[in-house]
Amino acid sequence: MQTRIISWDKTDGYAPSDLEDAAEVIRSGGLVAFPTETVYGLGCDGMNADAAGHIYEAKGRPSDNPLILHIADTEELKPIVKDIPDMAKKLMGTFWPGPMTLIFTKTDAVPDVITGGLPTVAVRMPAHIGARDLIRAAGTPIAAPSANVSGRPSPTRAAHVIEDLGDRIDMIIDGGEVGIGFESTIIDVTGSRPVILRPGFITREMIDEVLGTSGDDIVIDTGERGEAPKAPGMKYRHYAPKASMTLVRGDEAEVEEKINELARQYPADKVGILTSDERAGIYEYGIVLSIGSVRDNTLGHDMYAALREFDHIGVKHIYAETFYGTELEDALMNRLMKAAGGQMVDLMDFHRIIFVCRENVTISPMAEMIFKSIVMDKNIEIISRGLVVLFSEPVNRKVTDLLEAHSVPCEEQSSRLLRPEDIDGDPLIITMAFTEKVSVLEQFEDALHVYTLREFVGLEDDVSDPYGGDADAYEALYLELKDLLYKMKKRLGIS
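Remember, predicted model here, so these are calculated numbers, not experimental data.

### Quick word on the packing of aromatic side chains
Here a ring pair, both rings aromatic, is described through the centre-centre distance and the interplanar angle of the planes.
No. 1: A complete count under the given rule lists two aromatic pairs for this structure.
No. 2: For the pair Tyr-451 and Phe-456, a centre-to-centre distance of 5.1 Å together with 70° between the ring planes defines the contact as edge-to-face. Judged on exposure class, the residue Tyr-451 and its partner Phe-456 are both buried.

Given below as structure tokens:
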């Protein structure tokens, strides 16, 4: 396919004929890549199921990964969503146009292929003037995921689109480098509370301020077990460079030392180091690239461009710093963890690890006993606790029988409630489900390091619950926990 490239300029906009040509491509069922304030999108007529199918084909995108409908005016919501909840109206009033996508209940006018067969639809009004001009000229909502091959780093320049899709689509609009550099925040507003499905530039604190809520009223849920993804980026690996990538977490001096140690295992021209503007000068080995500036609040702006640059250079191993304690922490770490496939070296020194589930009779004690058998380190206290323990009862007999069959030492113990004294000394708290993580954070203000087990090792969803299942269900749980706990050991850097 011969791909036509036209331009959009911040001062002059489009040439009139170019804008009409781009709009006609959309109306006729073709594909146009265009700039937004976040990343470049790959657009088609959002009401045309066949055109949407071409997007999935061009990107190599799984068909159950929904697309976002882009609109230019709020009036365009009426034909595509059944209702607009009050919380959505407040968020729209503050953040639209802007880098925020909302999940609504869809009308029958929206093709199922756009939503991955779900009854909900993701909608965004971009802040980019050129994007909104294109939508208005086309006269239809434009469905647009990021304009890259599925799984690759998102495009922040037209050159990235050309690299990935240059011979697969009808037109590319070159608008220069984008402003933000990573995707919009996605918020589900179909329930009683807002649910953040994908962190982004609009942070939970900003949402709190607009809705008058507290942090505990907003759920962050980046994956759903056994269900089709409700929003882009929830299920499949995204943003990945060609090189292997590992994140290194700890205090700044430890991270610097560890990255230098890891990097020097390989030739300098085959190692990439990902950091911030402020810390780029401290590394003297390997190829050092920055994702942006902490001081100027541009962290993330150059993240995807840096990952693509490592690919061009031919780097084979990337070591990246982590970026906790910033307003964009959730968004940055969400992207980096996906890009790294969950590979992380954690240098934090935890002397106590607490596995937590609801009743402390099945999953958390199983995790405790398996992890003790894997680690065998007397300097680390490994315990398990429950969130709802009305009276002490023995560990599930199916659990102890199964562990004994696998030669895992079983201690005689009974269920115990998680108490404030358990979290003294800043332990690592690992829950089995997201709802349990929320409960820990709500009940214990001093709990600083709380993760679901799958989240801690860079995965999504909850650990399988065998309740009501047969022996096969418990065997599946054992195998799942064993795999996850070996990954956990590796992330903690336990030898």
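From this point, the discussion proceeds with the structure in view.
### Let's talk about the packing of helix α12 (residues 397–405) against helix α15 (residues 471–492)
The geometry of a pair of packed helices is captured by two quantities: the angle between their axes and the separation between those axes.
No. 1: At their nearest, the axes of α12 and α15 sit 10 Å apart, and the two run at 60° to each other. Comparing their axes, α15 and α12 come out oblique. Seen along the crossing, α12 lies across α15 with a hand that is right-handed. Contacts from Lys-398, Val-399, Leu-402 and Leu-403 of α12 reach α15 at Tyr-474, Glu-475 and Tyr-478.
No. 2: Its residues assigned to classes, the contact of α12 with α15 shows five nonpolar, no polar and two charged.

### Focus on the environment of Val-149
No. 1: Within the secondary structure, Val-149 sits in the loop between β7 (142–143) and α6 (158–165).
No. 2: With residues near it in sequence (within four places) discarded, Val-149 still touches Lys-59, Asp-164, Leu-165 and Arg-168.

### Remarks on the nonpolar core
No. 1: Of all hydrophobic cores here, the largest spans 46 residues; its most connected members are Trp-96, Leu-102 and Phe-104.
No. 2: Core analysis: the next-biggest nonpolar cluster, separate from the first, contains 36 residues, Val-375, Val-457, Val-463 and Ile-494 among them.

### Some remarks on unusual backbone geometry
No. 1: The amide bond that connects Trp-96 to the next residue, Pro-97, takes the cis arrangement and shows omega of -10°.
No. 2: Note on placement: Pro-97 falls in the loop between α3 (86–95) and β5 (100–105).
No. 3: Backbone geometry places Asn-360, a non-glycine residue, at a positive phi of 60°.
No. 4: Among the secondary structure elements, Asn-360 is positioned in the loop between β17 (352–357) and α11 (363–375).

### Comments concerning the state of the cysteines
Formally, a disulfide is one covalent bond, and it connects the sulfur atom of one cysteine to the sulfur atom of another.
No. 1: Considering all chains together, one arrives at zero disulfides under this definition.
No. 2: Just so you know, Cys-357 is unpaired, no disulfide at all, and the nearest cysteine sulfur is the one on Cys-410, 15 Å from it.
No. 3: On the basis of relative accessibility, which here comes to 27%, the residue Cys-410 falls in the partly exposed class.

### Things to note about a nonpolar patch on the surface
No. 1: A cluster of nonpolar residues, Val-388, Leu-390 and Phe-391, forms a patch on the protein surface that exposes about 340 Å² of accessible area.
No. 2: Residue position: Val-388 is located in the loop between β18 (381–386) and α12.
No. 3: Assessed through its relative accessible area of 31%, Val-388 is described here as partly exposed.

### Some points on helix α10 (residues 329–339)
No. 1: Among the eleven residues that make up α10, nine are buried, leaving the element largely enclosed by the rest of the structure.
No. 2: Of all the residues in α10, the buried ones are Ala-331, Leu-332, Met-333, Asn-334, Arg-335, Leu-336, Met-337, Lys-338 and Ala-339.
No. 3: Two residues or fewer after α10 comes Gly-341, characterised by a positive phi angle close to 60°.

### Looking at a negative patch on the surface
No. 1: On the surface, a cluster of negative charge is contributed by Asp-251, Glu-254, Glu-257 and Asp-349.
No. 2: Within the secondary structure, Asp-251 sits in the loop between β12 (244–249) and α8 (252–263).

### Looking at the pairing of strand β10 (residues 195–198)
No. 1: Across three bridges, the pairing between strand β9 (residues 185–188) and β10 is antiparallel. For Ile-187, the partnering residue across the bridge sits in β10 and is Ile-196.
No. 2: Between the antiparallel neighbours β9 and β10 lie six residues.

### Description of the pattern of salt bridges
No. 1: Applying the stated criterion across every chain, the model contains 29 salt bridges.
No. 2: The residue Asp-346 makes a salt bridge to Arg-249 at a minimum N-O spacing of 3.1 Å. On the criterion of sequence distance, the pair formed by Asp-346 in strand β16 (residues 344–346) and Arg-249 in strand β12 is long-range, its members being 97 residues apart.
No. 3: You can call Arg-249 buried: its relative accessible area is 7%.
No. 4: In this structure, the salt-bridge partner of Arg-397 is Asp-401, at a minimum N-O distance of 3.1 Å. Of the two residues, Arg-397 and Asp-401 are both situated in helix α12; the distance of four residues between them amounts to about one turn of the helix.
No. 5: On the basis of relative accessible area, Asp-401 is assigned to the partly exposed category, the value being 36%.
No. 6: Bridged by salt links that share partners, the residues Arg-152, Glu-163, Asp-164, Arg-308 and Asp-311 form one connected network.

### Description of the sheet that holds β17
No. 1: As summarised here, the arrangement of the four strands in space is β18-β17-β19-β20, forming an open sheet in which the pairing is parallel. Two strands close off the open sheet at either side, each with one partner strand: β18 and β20 (449–452). Ignoring strand direction, the axes of neighbouring strands in this sheet form an average angle of 25°.
No. 2: In this fold α15 packs onto β17, β19 (428–431) and β20, with an angle of close to 150° to the strand it touches most, β17.

Definitions and limits used
- Residues numbered from 1 in each chain as written.
- Predicted model: local features only at pLDDT ≥ 70, side-chain atom pairs only at ≥ 80, totals over all residues.
- Heavy atoms only, no water.
- Phe/Tyr/Trp six-rings, centres within 6.5 Å; stacked < 30°, edge-to-face > 60°.
- Buried < 20%, exposed > 50% of the residue type's maximum accessible area, 1.4 Å probe, protein only.
- Axes fitted to C-alpha atoms, helices over the stretch in contact; angles between N-to-C directions.
- Helix = DSSP H or I, 4+ residues; strand = E, 2+ residues; numbered from the N terminus.
- Parallel < 35°, antiparallel > 145°, perpendicular 65-115°, else oblique.
- Left-handed = near helix turned anticlockwise from the far one by under 90°.
- Contact = heavy atoms within 4.5 Å.
- Nonpolar A, V, L, I, M, F, W, Y, C, P; charged D, E, K, R; others polar.
- Core = buried A, V, L, I, M, F, W, Y, C linked by side-chain atoms within 4.5 Å.
- Disulfide = S-S within 2.5 Å.
- Patch = residues over 30% accessible without salt bridge, like charges linked within 9 Å, V, L, I, M, F, W, Y side chains within 5 Å.
- Areas by Shrake-Rupley, 256 points an atom, 1.4 Å probe, with all protein chains shown as cover.
- Salt bridge = Lys/Arg side-chain N within 4 Å of Asp/Glu carboxyl O.
- Lys, Arg positive; Asp, Glu negative; His and termini not counted.
- Charge placed at Lys NZ, Arg CZ, Asp CG, Glu CD.
- Pairing = 2+ DSSP bridges.

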